[in-house]
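Descriptive analysis of the structure
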Amino acid sequence: LTGPSEAGAFMGTVRSASSEKDIAIIELDRSQLSDPETKFPTLVLAAVEPRKGQAVFALGFPGVADRLSADDQLWDATLTSGIVSRVSETSWTSGGPIMKIVQHDADVNKGNSGGPRFDQCGRVLGINTQISL
């Protein structure tokens with residue numbers, strides 16, 4: 001697939017975003033694709049909660065991808081692996097919303113947050129939102 005620029009960038013519209021949760025939903029402008037009828041694979045959400053010791057895989061594009069050209073493997077995501085070390089319900093900030101947080105040791109490189117975390121069957125277990133501080 002190619003986009004409108006030499007770097008292969010695609011245009012889209014932000015449909016929803018949360019800076020607090022470090023995630024956005026972007027609708028791709030299909031008219032920019034070389035084949036607007038292209039079907040993208042559907043990500044399957046896991047029906048079960050991650051558990052301690054479970055293998056996990058983190059997928060994403062670290063911040064350096066913003067400076068790469070198409071020749072530099074711009075669209076080649078990083079993939080790291082690890083295990084779940086803890087599942088808890090807490091808040092990132094004092095008084096903030098309570099959410100399920102899955103701590104794992106798969107590397108999440110700076111700028112790589114917002115990418116999916118998968119189990120061994122390729123099901124999405126969650127979204128990587130923050131690296132260790």
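These figures come from a predicted structure and were not determined experimentally.

Here we take up the environment of T78. Note on placement: T78 falls in strand β4 (residues 78-90). As for T78 and N109, which are separated by 31 residues in sequence, their C-alpha atoms are 8.8 Å apart.

Note that S91 resides in the loop between β4 and β5 (99-104). Residue class for S91 comes out buried when judged on its relative accessible area of 17%. A distance of 3.4 Å separates the side chain of S91 from the backbone oxygen of G96, its partner in a polar contact.

Time to look at the sheet that holds strand β7 (residues 124-127). Strand order in this open sheet of 5 strands is β5-β4-β3-β6-β7, and the pairing throughout is antiparallel. With partners counted over all chains shown, the strands left at the sheet margins are β5 and β7, one partner each. Direction aside, neighbouring strands of the sheet carry axes that sit 45° apart on average. In this sheet, β4 lies alongside strand β3 (residues 55-60) in antiparallel orientation, the contact comprising 6 bridges. The residue of β4 that forms the bridge with L59 is L79.

Scoring rules and cut-offs
Residues numbered from 1 in each chain as written. Predicted model: local features only at pLDDT ≥ 70, side-chain atom pairs only at ≥ 80, totals over all residues. Heavy atoms only, no water. Helix = DSSP H or I, 4+ residues; strand = E, 2+ residues; numbered from the N terminus. Buried < 20%, exposed > 50% of the residue type's maximum accessible area, 1.4 Å probe, protein only. Polar contact = N/O pair within 3.5 Å; in protein donor to acceptor, adjacent residues only side chain to side chain. Pairing = 2+ DSSP bridges. Axes fitted to C-alpha atoms, helices over the stretch in contact; angles between N-to-C directions.

Function-wise, these values are silent; they only describe arrangement.
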